[in-house]
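Here's the letter readout for the chains.
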Amino acid sequence: LMGQYSVFRRKSSVCCVPRRSRGRNYEAELQRCRPEAALVEFGDYHPLKSIMVTDTKTRRGARKGSTSSSSSSSSSAPLDPLSSMLDGTDPLSMFAAASATETPDLGRKKWEKEKEEEVVGPDFESWSLKRGEILARFTTTEKLSIVTPSPGSSAVSEKVRTRLEELDDLEEGSQRELLNLSQQDYANRIEELNQSLKEAWASDQKVKALKIVIQCSKLLSDTSVIQFYPSKFVLITDILDTFGRLVYDRIWTMCSDPRPLPDSFTVDDVNDTAKETCLNWFFKIASIRELLPRLYVEAAILKCNCFLNKCGIQETLPRLTAMIRGIGDPLVAAYTRAYLCRVGMEVAPHLKDSLNRNFFDLLGSFRQISSESVQNQLVLQRVEVPEYLTLYSPAISWILQCIAYRAPEPLLTEMMERCKKLGNNALLLNSVMRAFRPEFVAGRATDFIGMIKDCDEAGFPKHLLFGSLGRSVACADPPESERLTILNEAWKVVTKVRSPQDYINCAEIWVEFTCRHFSKREVNTVLADIIKHMTPDRAFEDAYPQLQSVIRKILTYFHDFSVLFSMERFLPFLDMFQKDSVRVEVCRSIMEVFIKHQVEPTRDPVILNAMLHICKTMHDSVNALTVEDEKRSLALLIIGFIRMVCFGRDFEQQLSFCVEARATFCNLESVMVQLIHTVNQLAMETSRVMRGSHSRKTAAFVRACAAYSFITIPSLSSIFSRLSLYLLSGQVALANQCLSQADAFLKAAVSLLPEVPRSISVEGKLRASESFLLDFINNFLATLLVVPDHPEHGVLYLVRGLLNMIQDYTWEDNSDAKVRVYVSALPLLAAMSQETYLYSIPKVDSNETLYGGDPKFLLEINKLSETLIGQVLDHLKGLGRDEATRRQGALAFSLFGVLLAHGDLRNNKLSQLAVNLWNLSHKHGYCETRVSKIRKPDMFSLTFTK
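Parameters at a glance
Residues numbered from 1 in each chain as written. Predicted model: local features only at pLDDT ≥ 70, side-chain atom pairs only at ≥ 80, totals over all residues. Heavy atoms only, no water. UniProt positions renumbered as here; feature names shortened; annotations may be inferred. Helix = DSSP H or I, 4+ residues; strand = E, 2+ residues; numbered from the N terminus. Buried < 20%, exposed > 50% of the residue type's maximum accessible area, 1.4 Å probe, protein only. Contact = heavy atoms within 4.5 Å. Areas by Shrake-Rupley, 256 points an atom, 1.4 Å probe, with all protein chains shown as cover. Phe/Tyr/Trp six-rings, centres within 6.5 Å; stacked < 30°, edge-to-face > 60°. Lys NZ or Arg CZ within 6 Å of the ring centre and 35° of its normal. Axes fitted to C-alpha atoms, helices over the stretch in contact; angles between N-to-C directions. Parallel < 35°, antiparallel > 145°, perpendicular 65-115°, else oblique. Left-handed = near helix turned anticlockwise from the far one by under 90°. Nonpolar A, V, L, I, M, F, W, Y, C, P; charged D, E, K, R; others polar. Expected span 1.5 Å × (residues − 1). Arc of directions from axis to C-beta. Salt bridge = Lys/Arg side-chain N within 4 Å of Asp/Glu carboxyl O. Core = buried A, V, L, I, M, F, W, Y, C linked by side-chain atoms within 4.5 Å. pLDDT = per-residue confidence, 0-100. Pairing = 2+ DSSP bridges. Lys, Arg positive; Asp, Glu negative; His and termini not counted.

With an unreviewed UniProt entry as reference, the chain is termed VPS35 endosomal protein-sorting factor-like, source organism Sander lucioperca. Turning to the chain, the UniProt annotation filed under Sequence similarities (unreviewed entry) states: "Belongs to the VPS35L family." You can read under Subcellular location (unreviewed entry) in the UniProt record for the chain the words "Endosome".

This is the structure:
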């Protein structure tokens, strides 16, 4: 470490050199620096109390109706600084003033409007959420056709002809039919028509826009590819929604001229021009000959009735509802009713009578499903009745959702009675259970089970009905006396499902009900049944999402991991996750719950073995392609587990666990760092228990802890992690009186310094390592004060070895880092020369005890200090030649500060050096005046007096 030709090599001398450092009495200095205690009357003073001011003028911007009062400095109410800054114009005061001056009528109208808006709240599932689900669910591979308007006649001819002739042309004019379209081509064509509608409207070709809407509405009468009909309905009603919005916005704009129309407007606020235009649109639509397009287009602009008549919407909805009865195809009629309900909920959600009438008409049309025409159509398209019935599901579900939204509980009873009259139609029963509030359904779960048993399974599988019932009882609690019966009846049906996919879809739902209301025994039975159904033919490989959902639901209700891992089937259930990415994701979810809910440390062998297996699964997924964020995420979870392991006073068992963990998690560096910290903490805990006096057994144990750290640290790739852990482990070894181990740690740290690169990666960016290295060296120097010299290596061998490494290290160009280390070493040498050290380690004899102020020891310190100061002065001269005056001034002032704080300035040479450094630091005016506040004559008035 010392080096044969090093400038810091120890030289022998027998002459007695006087002490160059100032003698220190640390206890006396501490007493002088303590602030003087003063009695404070808290009734009169508080540090956060505002300053009293006199306010005799009326403040500007005061709230209306308020009065300003005068206050003096003796007043007990201080001026609020926040209010004074805002000058009375803070937002809350402004809103309060506005609400106070608001007229009663306007406030009442605003309240009534908010009340109407609250009829449909955020708890109502919007159509936009169902839209994507329908498009993804109802697909086809059949070829589709579409009839669209051909590029029509010119704009000149449109102006010449009468509007009625134009409308006739819309229905009978030139059209083109596109055949053999795929589903995607069909959707693209519908989107093109939507864009054409917007372009025609923007270019003031309103008749062309209406033509597009009529032709699109006619497409809804085509059921030639019946499996695709729900998706077709979604695509085409998007165009109708666009048209309705354009018409409403146009009339609203006409009403806003010359003054804007208020939000809560009435028919009286609408001008005659807007009314005439609105009426014209309704006349155009009324002249459409075919029933279906006339219904759809009028429903699309239903909201425009508010411009004509106060009760327009209320009168129109029953009329349109009755018109739907003229549609012969039950599927087409069902979706027409669904669209009318959707528009009705948007414009008049309080008119539930029309919604109810729509639903009752829908129930009446169910008889048509068994009619000859419908059966012939199904035979022609090779569609089975169960598949055909599922096509009604979106329409019925939407209508029932609109009816059941915030409906009273007796309505559910009425719906159940109607289902019974229809022979417990499975499709209808399923929609009822999904539409009404879970609390209502859960309270009647036993009744629903009886109705499900009476359903005809050929039309709609019973396991789907039990799945809908399971969603309700999982969200709301059925009567406690009925819960076990409900679970038994449901599972009798679920366990008989032959299709693994259908089985797991239903079982996943009932797992939550089981976890919520029953113990681990019932949950373990359910898991065993799932394993039994999903293991044959590796069916679990196609059901990973559902199996993951089962795990999440179990973890939601079982936070006691001793209970969780005591289930016989839980770990075998985890074994079904054999896809690497899925298995790691499941293990991650388990670890997140463990870290969140495991409050007390554990030593339970069942938990430890299971969690080690789970953590090992996560660790083994790390490879060369794993990104750093993923490694960091996994490491944090494993570290969280390690921190929760505690064997109490069984320290040897804790160390054995760390040894096993080191072998298990060797690929994650941050986990290895945590293990080293854990072992160091274990050694300190041993010292605390023994109160610093180790027995032979505990001394051997803390040496074993030191050996663990010494073996583990070299496996780390981060050089600064190694440096800091060597130093920390050396400090721990010193605190446990393991001097040889501490010496080995500190030597290893010094030997590692030449390997420090000039730049390191910090959060993905390259940064110079110089600042990090300086911080480490300063911490290292502070530790060396309490490290006793080795009897075989001479005086201050660790300090000399460190300085030799610093001397040989390749620093950055134009860097003062090396010399700053020398400056930082001077306070250490000054502290070493004191009779009593500033701090020490109990039961460890530092150099103050070993040398006892021996003159030879002080001589070595003085010699080394002179060498360091000489190196700094040489560097300052070099900076002067290089015209680096700013760096020269800063470094000179830094050395001056060290001499002032630690040097004995009664020495003439040292005092003259301090004066020269002061002058040099201020020579070019770069020294910060905030630091050098003391005037030169005052500063040296005492130290220069002989």
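Chemist: Quick one: what's the story with the overall build of the chain, residue by residue and with numbers?
Modeler: Each helix and strand in the chain was counted, giving 45 helices and four strands. Here the chain holds 946 residues, and the buried ones make up 47% of them. Counted over contacts in the chain with a minimum sequence separation of 6, partners at least 24 positions apart contribute 74%. Accessible area of the chain: about 49400 Å², with a carbon and sulfur share of 52%.

Chemist: Before we move on, can you summarise the packing of aromatic side chains with the specific residues and values?
Modeler: Taken as a whole, this structure holds 37 aromatic pairs when the rule is applied. Pairing Phe-893 with Trp-918 gives two aromatic rings, centres 6.3 Å apart and planes at 45 degrees, and the pair type is tilted. Here the residue Phe-893 occupies a position in helix 43 (residues 885–902), and Trp-918 occupies one in helix 44 (residues 908–923), the gap between them amounting to 25 residues. With a relative accessible area of 16%, Phe-893 lands in the buried category. Trp-918 sits in the buried class, given a relative accessible area of 9%. Through successive ring pairs, a cluster of aromatic residues spans Phe-124, Trp-127, Tyr-229, Phe-233, Tyr-335, Trp-398 and Tyr-405. One cation-aromatic arrangement involves Lys-206 over Trp-201; the distance from NZ or CZ to the ring centre is 4.9 Å. Taking NZ or CZ as reference, Lys-284 lies 4.8 Å from the ring centre of Trp-281, over its face.

Chemist: Tell me what's going on with the packing of helix 19 (residues 409–421) against helix 22 (residues 445–453), and back it up with residues and numbers.
Modeler: How two helices sit against one another is set out by the angle between their axes and by the gap between those axes. The interhelical angle for the contact between helix 19 and helix 22, taken along N-to-C directions, is 15 degrees, at an axis separation of 11 Å. Viewed along their axes, helix 19 and helix 22 adopt a mutual orientation that is roughly parallel. When the axes of helix 19 and helix 22 are compared, the crossing they make is left-handed. Each of Leu-412, Met-416, Cys-419 and Lys-420 in helix 19 lies in contact with helix 22, whose residues at this interface are Asp-447, Phe-448 and Met-451. In terms of residue class, the contact of helix 19 with helix 22 is built from five nonpolar, no polar and two charged.

Chemist: Got a sec to walk through helix 11 (residues 272–286)? Specific residues and values, please.
Modeler: Its 15 residues place the ends of helix 11 21 Å apart at the C-alpha level, agreeing with the 21 Å of an ideal helix rising 1.5 Å per residue. Among all positions of helix 11, only Ala-274, Thr-277, Cys-278, Trp-281, Phe-282, Lys-284 and Ile-285 are buried. Down the axis of helix 11, the buried set is contained in an arc of 160 degrees. They therefore lie on one face. Away from the buried face of helix 11 by more than 90 degrees, exposed residues Asp-272, Glu-276, Phe-283 and Ala-286 are located.

Chemist: Summarise helix 20 (residues 426–435); cite the residues concerned and give the values.
Modeler: Of all 10 residues in helix 20, nine are buried, a share of seventy percent or more. Among the residues making up helix 20, those that are buried are Ala-426, Leu-427, Leu-428, Leu-429, Asn-430, Ser-431, Val-432, Met-433 and Ala-435.

Chemist: I'd love a proper account of unusual backbone geometry, names of residues and values included.
Modeler: Although it is not a glycine, Asp-204 adopts a positive phi angle of roughly 65 degrees. Mapped onto the elements, Asp-204 comes out in the loop between helix 8 (183–202) and helix 9 (206–218). A residue is classified by how much of its surface remains accessible, and Asp-204, at 55% relative accessible area, is exposed.

Chemist: Residues and numbers for the pattern of salt bridges, please.
Modeler: Pairing between side chains becomes possible if they bear opposite charge and their charged atoms approach one another. Inspection of the entire model under this criterion finds 33 salt bridges. Arg-887 serves as the salt-bridge partner of Asp-816, at 2.7 Å between the closest nitrogen and oxygen. Separated by 71 residues along the polypeptide, Asp-816 in the loop between helix 39 (797–808) and helix 40 (817–832) and Arg-887 in helix 43 bring together distant segments of the chain. In this structure Asp-816 comes out as buried when scored by relative accessible area, which is 10%. The structure contains a network of salt bridges with shared partners spanning Asp-241, Arg-342 and Glu-346.

Chemist: Before we move on, could you go through the nonpolar core and cite the residues and values that matter?
Modeler: Counting residues in each nonpolar core, the largest one holds 294 residues, and the members touching the most others are Leu-469, Trp-510, Ile-530 and Phe-641. Once you skip the residues sitting within four places of it in the chain, Trp-510 turns out to touch Phe-466, Gly-467, Leu-469, Gly-470, Val-473, Ile-486, Leu-487, Ala-490, Trp-491 and Val-494.

Chemist: So, the environment of Gln-548: which residues are in play, and what are the values?
Modeler: Looking at where Gln-548 falls in the secondary structure, it is placed in helix 27 (residues 544–557). Taking the C-alpha atoms as reference points, Gln-548 and Glu-508, separated by 40 residues in sequence, lie 9.4 Å from one another. Excluding residues within four positions of it along the chain, Gln-548 makes contact with Phe-577, Val-582, Glu-585 and Val-586.

Chemist: Mind laying out the confidence of the model for the chain, listing which residues take part and the relevant values?
Modeler: The share of residues in the chain with pLDDT of 70 or more is 83%, and the mean pLDDT across the chain is 83. Confidence drops under a pLDDT of 50 for residues 1–7, and excluding neighbours within four residues, the segment shows 17 contacts in the predicted structure. Of the regions scoring below 50 in pLDDT, residues 56–79 engages in 28 contacts with residues more than four places distant in sequence or in other chains.

Chemist: Explain the packing of helix 23 (residues 462–475) against helix 25 (residues 500–517) to me, and be specific about the residues and the numbers.
Modeler: Where helix 23 contacts helix 25, the axes come no closer than 9 Å and their chain directions differ by 25 degrees. The pairing of helix 23 with helix 25 is recorded here as roughly parallel in orientation. Considering how the two elements wind past one another, helix 23 and helix 25 form a crossing that is left-handed. Contact residues: helix 23 offers His-463, Phe-466, Gly-467, Leu-469, Gly-470, Arg-471, Val-473, Ala-474 and Cys-475, while helix 25 offers Asp-502, Cys-506, Ile-509, Trp-510, Glu-512, Phe-513, Arg-516 and His-517. Taken together, the residues of the contact of helix 23 with helix 25 sort by class into nine nonpolar, four polar and four charged.

Chemist: Please provide a residue-by-residue account of the side chain of Thr-686, values included.
Modeler: In this structure, Thr-686 sits in helix 34 (residues 669–689). Setting aside chain neighbours within four positions, we find Thr-686 in contact with Phe-651, His-694, Thr-698, Phe-701 and Val-702.

Chemist: Break down the pairing of strand 4 (residues 765–768) for me, citing the residues and quoting the values.
Modeler: Looking at chain direction, strand 3 (residues 759–762) and strand 4 are connected through four bridges and run antiparallel. Across the sheet, residue Val-762 finds its bridge partner in strand 4, namely Lys-765. Between strand 3 and strand 4, which pair antiparallel one after the other, the connecting turn spans two residues, and Glu-763 there sits at a positive phi close to 55 degrees.

Chemist: Got a sec to walk through the side chain of Arg-337? Specific residues and values, please.
Modeler: Within the secondary structure, Arg-337 is located in helix 14 (residues 330–347). For the buried Arg-337, no salt bridge exists, and the shortest N-O distance to an oppositely charged side chain is 4.6 Å, to Asp-361. Beyond its immediate chain neighbours, meaning those up to four positions away, Arg-337 contacts Ile-324, Arg-325, Asn-358, Asp-361, Leu-362, Ser-365 and Ile-399.

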